[in-house]
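Observations on the three-dimensional arrangement
What follows is each chain in one-letter form.
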Amino acid sequence: MITGQMFRDGIVSGANNISNSRQAVDALNIFPVPDGDTGTNMSMTITAASKEVCSLGDDVSLSEVSKRCASALVRGARGNSGVILSLIFRGFSKAFKDTEEANSQDIANAFRLGTEAAYKAVMKPTEGTILTVVRKAAEAAEEMAKVNEDPLDVCFAALQAAKEALAKTPEQLPVLKQAGVVDAGGQGFILILEGFQSVFENGAIVQGLDGGVKPVEIKTNRVVAEASGNIEFGYCSEFLIEKASDAQEHDPRKLRAYLESIGDCVVVVDDDNIIKVHVHSNCPGTVIQSALKYGQLINIKIDNMRYQHRNAELGMDGSAPQPELAPAEPEIASPENNFGFVAVCVGDGLEELFRDLGADSIVSGGQTMNPSTDDIFNAIMATPAKTVFVLPNNKNIIMAAEQAIPLATDREVRVLQTKTIPQGISAMLAYDETAGTDENQMAMMEMAGAVETGQVTFAARDSEVDGKPIKQGQIMGMTNGKIKFIGEDKEEIAFKTVDKLFKRGTHSMVTLIFGEDVIEEDAAKVEAKLSDKYKNDMEISVVNGGQPVYYYIISVE
């Protein structure tokens, strides 16, 4: 039988296992644009569950531990891969409801319900992804349960089928075959299952490279417990940076100065290869993004100190039976207005722009750091409106935003399918305070769909697109998400990108949003070159967005 203790230890083991290999999973991403990365998103998602369940005692029921796991995963989900993972475990929780221990049929039902939940959440399921991997695992589990009453054998059959399905993903998706890799989400899911297998087969929890977390080992942080309840900076971020020779930045003193401007308790220590970082801030996403300029991040650890302090006040040190613990309550604003807006973006200029357009709350995030469902939920609850429109402004954040809808029980939440910053800006401009909810949603999405988006960024890895090799660090120009130009000069690439998108007679307005690694004079050169070619046919606005990752974000309307 599978006990609650075994499942608890399996979650911790699975979280440590994928965390140890998250960089390898990230490297499976075939698109060279810097993004949230599958391994990092899945690792951070299941680590939220690991932290939630690791203090549960050995006598915990399977029903309780799976319920706590599912709840933490839903709120901690990051990126599409993290959301799908959370839905799989939600299915597990449904199968284990009111169950002390699981038999072979319970395990088979868990995989089946997890598969169904994952497929239902994706509008157009694509085979050759994590969906295929979990489906094949479920089919094998159900077949084994028909002839074998040992739940461990059912688990191992599911894992073996998942591995076989993963190996076949390149045959199902040509882009994987061309790149010579398997699906990243499927690989991440198998790493988690292997963590469970280590517990089920050997009774051994896979240890994290940084020591990881262990059941009933988390103790109250006495520094936090003794602190005032009014904690100025709520998130403790710790990680290591592997220095990269081709990094955008090299001087750790510059990083330390920036972190001191947004937080306290800053420690930045470096040697020839590594920079160790510790900081307390209110914007861990911004901390991560600033650090990525120096190289790859490893051993990332982010703690919510306000949450820890509240637990400390409740006496939750892991040594005594614990009461039902609800997630930390966000700041709640009374829904006084009819409509409100939550926008996801990063960069001082973009935040100011969205606030000027009427956004009540800003969630810091985007490429390289997808916010969690809980981050978005907290912003929704801090918005004083009866109906809250959420603009994810990134295709990899939409699913996490939609997960927040049922969490907000005292207000209506509408997630607009904005996939880019220009789409979000256009949607905000279409809002009519005299119109109703449905009318506004239709108008805003119609306006968002009419805008063309250009982006100029750097290649995060060596790759090949449409038969053309791309080297790490090269500048790429994208039109509506497709790589069209590769070069060395970001201003030249920006000009070509606009030139590709703009159609005389169809378009009239161009907005150039330049990022933190572009000076205003260079953006002005792009503007002058476009004005010289298009004269009065093109009205150009130049905005300092201050965004990382993208040198230019371009809106063409």
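Up top you'll find the structure we're talking about.
Residues numbered from 1 in each chain as written. Predicted model: local features only at pLDDT ≥ 70, side-chain atom pairs only at ≥ 80, totals over all residues. Heavy atoms only, no water.

1. Observations regarding the environment of Ile274
As for its placement among the helices and strands, Ile274 is situated in strand 3 (residues 274-281). Remark: the alpha-carbon pair of Ile274 and Ala244, spanning 30 residues in sequence, is separated by 9.4 Å. When residues no more than four places from it in sequence are discounted, the contact partners of Ile274 are Leu240, Ile241, Glu242, Lys243 and Val269. (Helix = DSSP H or I, 4+ residues; strand = E, 2+ residues; numbered from the N terminus. Contact = heavy atoms within 4.5 Å.)

2. Points about the sheet that holds strand 12 (residues 475-479)
The sheet built from six strands is open, its strands ordered 13-12-9-16-14-15 with mixed pairing. Looking at which strands have only one partner, the edges of the open sheet turn out to be strand 13 (482-487) and strand 15 (539-544). Pairs of neighbouring strands in the sheet enclose a mean axial angle of 15°, with direction left out of account. Across the sheet, helix 22 (residues 520-534) lies against strand 14 (509-514), strand 15 and strand 16 (552-556), angled at about 160° from strand 14, the strand it touches most. (Pairing = 2+ DSSP bridges. Axes fitted to C-alpha atoms, helices over the stretch in contact; angles between N-to-C directions.)

3. Thoughts on the pairing of strand 15
Looking down a regular strand, the side chains alternate between one sheet face and the other. As paired strands, strand 14 and strand 15 are joined by six bridges and run parallel to one another. Residue pairing in the sheet places Phe514 in a bridge with Asn544 of strand 15. Read from strand 14 through helix 22 to strand 15, the crossover connection turns out right-handed. (Right-handed = clockwise from strand over helix to strand, strands pointing away.)

4. Let's talk about the packing of aromatic side chains
Throughout the structure, instances matching the rule amount to 13 aromatic pairs. Seen from their ring centres, Phe502 and Tyr534 are 4.9 Å apart, and the 70° between their planes marks the pair as edge-to-face. Of this pair, Phe502 sits in the loop between helix 21 (490-501) and strand 14 while Tyr534 sits in helix 22, and the two are 32 residues apart along the sequence. Residue placement shows Lys490 over the ring face of Tyr551; its charged tip is 5.7 Å from the ring centre. (Phe/Tyr/Trp six-rings, centres within 6.5 Å; stacked < 30°, edge-to-face > 60°. Lys NZ or Arg CZ within 6 Å of the ring centre and 35° of its normal.)

5. Observations regarding the state of the cysteines
One pass over the structure, following the stated rule, counts zero disulfides. Residue Cys54 stays outside any disulfide, its sulfur separated by 12 Å from that of Cys69, the closest cysteine. With a relative accessible area of 0%, Cys54 lands in the buried category. The cysteine Cys345 is free of any disulfide, with Cys283 supplying the nearest cysteine sulfur at 13 Å. Of the residues examined, Cys345 reaches a relative accessible area of 1% and is grouped as buried. (Disulfide = S-S within 2.5 Å. Buried < 20%, exposed > 50% of the residue type's maximum accessible area, 1.4 Å probe, protein only.)

Any functional reading would require information beyond the geometric quantities listed.
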